[in-house]
Amino acid sequence: MKNILVCTALLLSSAGASAQALWRGVPAGATPAEVSALIPEAVPAVADAPATEDGRVLLRIPAYELVGADFAVAFGFEQDRLQSTVLQTQAASPREAQAIAQRLTASLKARYGLEISTKSRQDRSTTHIDRKWSFRRTSVHLEVLDDAVVRLRYRPETVRATNQL
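**Some points on the environment of Asp70**
Right, on to step 1. One can find Asp70 in strand β3 (residues 69–78).
Right, on to step 2. Residue Asp70 is classed as exposed on the basis of its relative accessible area, which comes to 52%.
Right, on to step 3. As a C-alpha pair, Asp70 and Leu87 span 17 residues in sequence and 9.4 Å in three-dimensional space.

Dropping the structure here:
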């Protein structure tokens, strides 16, 4: 009987642990109320915010310190379910953007391992960075855009249908 209880407890705990966690452990598909409960510093976004490729931004954090830079955090929802978390900062110069991205890359490698995709050029004269990680069905994408915008996006990975022959 004791073995059955232990096995049941292990199964229940592993089922909860397999949920797709995005940024700071918030699960994909969470409601705005659930996100607010897990991240109290998240505040309602502008009421008429247009939907973007990341969904409708319902919650945000105006400034969040990460690797020595202040990032704005936006929580994107589709049908009141969390679909993405985007952290973005505007660097003062291309050199600063590259430095922030390099610090983020080191931090992400320590947490998620080697990236699965690197489109970044090896030429030191460019600041373009485009790197992706995949961790427990979550996609993490780091980009430097327009030489000064550093964007870090967390999204659940979509399940691909297998071809049936």
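**Some remarks on the side chain of Arg153**
Right, on to step 1. Tracing the sequence through the fold places Arg153 in strand β8 (residues 149–156).
Right, on to step 2. For Arg153, a relative accessible area of 7% puts it in the buried group.
Right, on to step 3. Within polar-contact distance, the side chain of Arg153 engages the side chain of Asp54 at 2.8 Å.

**Thoughts on the nonpolar core**
Right, on to step 1. Counting residues in hydrophobic clusters, the biggest one holds 31 residues, and the most contacted among them are Phe75 and Tyr154.
Right, on to step 2. Looking at this core, the elements that each hand over two or more residues are β2 (56–66), β3, β4 (81–90), α3 (94–112), β6 (129–135), β7 (138–145) and β8.
Right, on to step 3. Among the elements that take part in this core, α3 stands out by supplying six residues, more than any other.

**With respect to the pairing of β3**
Right, on to step 1. Pairing between β2 and β3: eight bridges, direction antiparallel. Within β3, the residue paired with Val57 across the bridge is Gly76.
Right, on to step 2. What sits between the antiparallel neighbours β2 and β3 is a turn of two residues, in which Val67 has the positive phi angle 45 degrees.
Right, on to step 3. Looking at chain direction, β3 and β4 are connected through seven bridges and run antiparallel. Looking across to β4, one finds that Phe75 is bridged to Thr85.

**Description of the pattern of salt bridges**
Right, on to step 1. This model, assessed by the stated rule, comprises eight salt bridges.
Right, on to step 2. Residue Lys109 is joined to Glu115 by a salt bridge in which the shortest nitrogen-to-oxygen separation is 3.9 Å.
Right, on to step 3. One salt-bridge network, in which partners are shared between bridges, spans Glu53, Asp54, Arg153 and Arg155.

Rules used throughout
- Residues numbered from 1 in each chain as written.
- Predicted model: local features only at pLDDT ≥ 70, side-chain atom pairs only at ≥ 80, totals over all residues.
- Heavy atoms only, no water.
- Helix = DSSP H or I, 4+ residues; strand = E, 2+ residues; numbered from the N terminus.
- Buried < 20%, exposed > 50% of the residue type's maximum accessible area, 1.4 Å probe, protein only.
- Polar contact = N/O pair within 3.5 Å; in protein donor to acceptor, adjacent residues only side chain to side chain.
- Core = buried A, V, L, I, M, F, W, Y, C linked by side-chain atoms within 4.5 Å.
- Pairing = 2+ DSSP bridges.
- Salt bridge = Lys/Arg side-chain N within 4 Å of Asp/Glu carboxyl O.

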